[in-house]
Amino acid sequence: MKRAIEGAEPEWPPLREATAERAWRDVLQPIAGSLRQSAAAVAADTVSLVRGEVPELFVDAQTVDEAMSSTEESVRLFAQLLEVGGNPAHSDLPPSTLAIMRSAVWRQIPLSWHSRFYRLAQEHVWRWLHSRILEETSEGPERALAVDLATTMLLQFVDRAMTRADEAYEVERETWLQGAAASRGAAIDDVLADRDQDVRSLSERLRYDLTRHHVGVIVWSDHWSDSATSLPALSEVVAAIARAHGAESSITHPLGSLAVAGWFSSRRDFGPDLVFNLGEKGGSVLPEGVKVAVGQSAHGIDGFRLTHTQAGHARRVAALLPPEEVGVTRYQDVAVTALCVADPEHATRFVRQTLGALAVDDESTFRLAMTLHVYLRENRSRARAATELSVHPNTVNYRVRQAEELLGRSIDENSLELRVALTMLPVLKRLDKTRSSGG
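All chains use their own residue numbering, which begins from 1 and follows the written sequence. The predicted nature of this model means local features are confined to residues of pLDDT at least 70 and side-chain atom pairs, given and counted, to a pLDDT of 80 or more, with totals for whole chains, interfaces and linings taken over all residues. Here the side-chain values reflect all heavy atoms present in the structure, with hydrogen atoms and water set aside.

Peer 1: Would you explain unusual backbone geometry in this entry?
Peer 2: Trans peptide bonds make up the majority, and among non-glycine residues the majority have a negative phi. Non-glycine residue Arg380 carries a positive phi angle of around 60°. Even without being glycine, Ser390 reaches a positive phi, approximately 60°. Take Ser390: it is sitting in the loop between α15 (382-389) and α16 (393-407). Burial classes: relative accessible area under 20% of the type maximum marks a residue as buried, over 50% as exposed, and values in between as partly exposed (1.4 Å probe, protein chains only). On the accessibility criterion, Ser390 (68% relative accessible area) is exposed. A run of DSSP states H or I qualifies as a helix once it reaches four residues; a run of E qualifies as a strand once it reaches two. Both are numbered from the N-terminal end.

Take a look at the structure:
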């Protein structure tokens, strides 16, 4: 949205009266600019407030991130309207908010929960505006007028947003109810919650044979960007992975506006190395920014649940890794880490107690720890470890000796605990950084 041209008449009718326009230009325009620049912080505070009041909206970290992004876009949009004197009656919802409203239908989230979100957000933004107006003005007619104008525009903006959100929800709901998606979604919920053991009936409702071998996947993106990260596009990634591995059928189930759960099946066991070299076996099936967590092949209705649970654990570990390192995360590769970080505090104490000075948070010590990790994983072969680390074998020897000195004991002692602690160290290091940054 373009900035207002100096002296140009504002679009919103209440600002066209002379005293109102002066209050807008002198008081509200600068505050609107500050709100626009503070949109991320205001959104974070708003989502934190709503999480305390409506926790049911936030089932995992991704739904929190989605709400944060959508709220930030809406706050910035309102700030721009106030800054240029735009008419809130002509505003529309950001694409990320529309995506959340569509996914709310698929996840069967009541519309009233989102209405509560809007009311709480409106209250928080109004308090922010009100406090800034009091800071920037003296008591008198101009202050009262500025408060009245800001309040009225915010009310009209939120009313317009809620109307558009309600419309988007209802349109999607009609489509949902008319199709087989509602029945399938309910059936998936029944299977995952173990509410129904009638395999034949559930298979008919799902249009998916539960008696076969299944692989569960979760496909997601951390940020909504374009059609490549829409739910249909993410569902197509599941279908592409299924085709690449010879599956006979596949289904998907939305987990949010930026994530889907998926399953694919076959009469045969898929084996342990599924999705190991996804790019080579299936071609370029992952759009930029899209990530996949994969469970192990499992059989029958119990296997359907198990492989989905495993994919969820793999995704939880993937969320603790640097985003650029995450593509396909297999449960079997991170099972130990997933088990350990289920209780992060306990895991941190175990790693620090086991590694001692080798767990100190600096790059040179971390390099020694990772060299020892690779050396032990490669069955103490300095040649294979050197190849993987792209260093000379003598360098591996030197680093292993240094690591042993920091441990204060032989690496032959408590070998299992040492290997587990070294496996967990990179993930816990990332988790500590996330906590310290407030993420």
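After that view of the structure, there is still more to cover.
Peer 1: Just to check I follow, could you spell out helix α8 (residues 199-206) for this structure?
Peer 2: A turn of α-helix holds 3.6 residues, and therefore any two residues three or four places apart point the same way. Within α8, burial applies to Leu202, Ser203 and Leu206. Considered in projection along α8, the buried side chains sweep an arc of 100° and stay on one side of the axis. Set apart from the buried face of α8 by more than 90 degrees, the exposed residues are Arg200 and Glu204. If you follow the buried residues of α8, they end up packed against α7 (181-192), β2 (249-256) and α11 (300-318). Two residues or fewer after α8 comes Arg207, characterised by a positive phi angle close to 55°. Each C-beta atom gives one direction from the helix axis, and the arc is the one those directions make. Contacts are assigned to residue pairs that have any heavy atoms within 4.5 Å of one another.

Peer 1: Just checking my understanding: could you explain the environment of Phe78 for this structure?
Peer 2: The topology assignment puts Phe78 in helix α3 (residues 61-84). For Phe78, a relative accessible area of 2% corresponds to the buried category. Residues Phe78 and Val171, spaced 93 residues apart in sequence, show a C-alpha to C-alpha distance of 25 Å. Every residue in contact with Phe78, bar those within four places of it in the chain, is listed here: Leu35, Leu129, Ala150, Met153, Leu154 and Phe157.

Peer 1: Looking at this structure, how should I read the side chain of Thr63?
Peer 2: Tracing the sequence through the fold places Thr63 in helix α3. Owing to a relative accessible area of 6%, Thr63 belongs among the buried residues under this scheme. Those residues in contact with Thr63, other than ones at most four positions away along the chain, are Leu57, Phe58, Arg107 and Leu255.

Peer 1: Is there a simple way to think about the pattern of salt bridges in this case?
Peer 2: In what follows, salt bridge is the name for a side-chain nitrogen of Lys or Arg lying within 4 Å of a carboxyl oxygen of Asp or Glu. Following the criterion strictly, the structure yields 20 salt bridges and no others. Note that Glu9 is salt-bridged to Arg16, the shortest N-O span being 3.9 Å. We classify Glu9 as exposed; its relative accessible area is 59%. Given a relative accessible area of 41%, Arg16 falls into the partly exposed group. With a closest N to O distance of 3.2 Å, Glu123 and Arg127 form a salt bridge. Taken as a pair, Glu123 and Arg127 lie in helix α5 (residues 111-136) at a separation of four residues, close to a single helical turn. It is possible to trace a salt-bridge network through shared partners that takes in Asp209, Arg212, Glu248 and Arg267.

Peer 1: Please clarify how the packing of helix α1 (residues 18-37) against α3 should be interpreted in this entry.
Peer 2: How two helices pack is summed up by the angle between their axes together with the distance between the axes. To get an axis, a line is fitted to the C-alpha atoms, and for a helix only the part in contact is used. The angle between two axes follows their N-to-C directions and goes from 0 to 180 degrees. Put simply, α1 and α3 touch, their axes get as near as 8 Å, and they point 160° apart. By the criterion of interaxial angle, the relationship of α1 to α3 is roughly antiparallel. Seen from above, α1 lies across α3 with left-handed handedness. Each of Trp24, Leu28, Gln29, Ala32, Gly33, Leu35 and Arg36 in α1 lies in contact with α3, whose residues at this interface are Val75, Arg76, Phe78, Ala79, Gln80, Leu82, Glu83 and Val84. For the contact of α1 with α3, the class distribution of residues is nine nonpolar, three polar and three charged. Roughly parallel here means an angle under 35 degrees, roughly antiparallel means over 145, roughly perpendicular means 65 to 115, and every remaining angle is called oblique. Definitions for this section: a left-handed crossing has its near helix turned counterclockwise from the far helix by less than a right angle. A right-handed crossing has that turn clockwise. Under the convention adopted here, Pro, Cys and the residues Ala, Val, Leu, Ile, Met, Phe, Trp and Tyr are nonpolar, Asp, Glu, Lys and Arg are charged, and Gly plus all remaining residues are polar.

Peer 1: Even after reading the chapter, I still don't get the packing of helix α14 (residues 363-377) against α16, so can you show me in this structure?
Peer 2: It is at 9 Å that the axes of α14 and α16 come closest, and there the two elements cross at 110°. Relative to α16, the element α14 is oriented roughly perpendicular. For the pair α14 and α16, the contacting residues are Thr365, Arg367, Leu368, Thr371, Leu372 and Tyr375 in the first and Val396, Arg399, Val400, Gln402, Ala403, Leu406 and Leu407 in the second. Split by residue class, the contact of α14 with α16 holds eight nonpolar, three polar and two charged.

Peer 1: How should I be thinking about empty space enclosed by the protein in this particular structure?
Peer 2: Over the atoms rolls a probe the size of a water molecule, and in doing so it shows where empty space is left. Buried and open spaces are told apart on a 1 Å grid over the protein atoms alone, a cavity being a set of points where a 1.4 Å probe fits but cannot get out and a pocket being an open set with protein on both sides within 12 Å along at least five of seven lines. Residues with an atom within 4 Å of a point are the lining residues. Grid points are joined across faces, edges and corners, and a volume is the space filled by probe spheres set on the points. Under the counting rule described, the total for this entry stands at two cavities of 30 Å³ or more. Approximately 420 Å³ is the volume attributed to the largest cavity. Around the largest cavity, the lining comprises 25 residues; the ones closest to its centre are Ser70, Thr71, Ser74, Phe117 and Tyr118. Mapped onto the lining of the largest cavity, the elements with two or more residues apiece are α3, α4 (95-106), α5 and α6 (141-178). Sort the elements by how many residues they give to the lining of the largest cavity and α3 lands first, with eight residues. Counted by class, the lining of the largest cavity contains 15 nonpolar, eight polar and two charged residues. Empty space within the second largest cavity amounts to approximately 50 Å³. If you trace the second largest cavity, you find it lined by Ser74, Leu77, Ser91, Asp92, Leu93, Pro94, Phe157, Arg160 and Ala161. Counting residues per element, the ones that place at least two in the lining of the second largest cavity are α3 and α6.

Peer 1: Explain the confidence of the model for the chain here, please?
Peer 2: Residues shown with low pLDDT carry predicted positions that ought not to be read at fine detail. Along the chain, pLDDT gives the predictor's confidence residue by residue, from 0 to 100. Per-residue confidence for the chain gives a mean pLDDT of 86, with 90% of residues at or over 70. Per-residue pLDDT, averaged within each element of the chain, yields its smallest value for helix α10 (residues 278-282) (43) and its largest for α1 (95). Across residues 1-5, where pLDDT falls below 50, the model places 12 contacts with residues more than four positions away in sequence or in other chains. A low-confidence stretch, residues 279-283 stays under pLDDT 50, and its non-local contacts, those more than four residues away or across chains, total four contacts.

Peer 1: Any chance you could explain the nonpolar core here in plain terms?
Peer 2: Grouped burial of nonpolar side chains is what soluble globular proteins tend to show. What is meant by a nonpolar core is a set of buried Ala, Val, Leu, Ile, Met, Phe, Trp, Tyr and Cys residues, joined one to another through side-chain atoms within 4.5 Å. Counting residues in hydrophobic clusters, the biggest one holds 71 residues, and the most contacted among them are Leu28, Leu129 and Val219. With 14 residues, the top contributor of residues to this core is α6. If we skip the residues at most four places from it in the chain, Leu129 touches Ile31, Leu35, Phe78, Leu82, Ala150 and Leu154. In terms of nonpolar packing, the next biggest core, distinct from the first, is built from 42 residues, Ala259, Ala314, Ala338 and Val351 among them.

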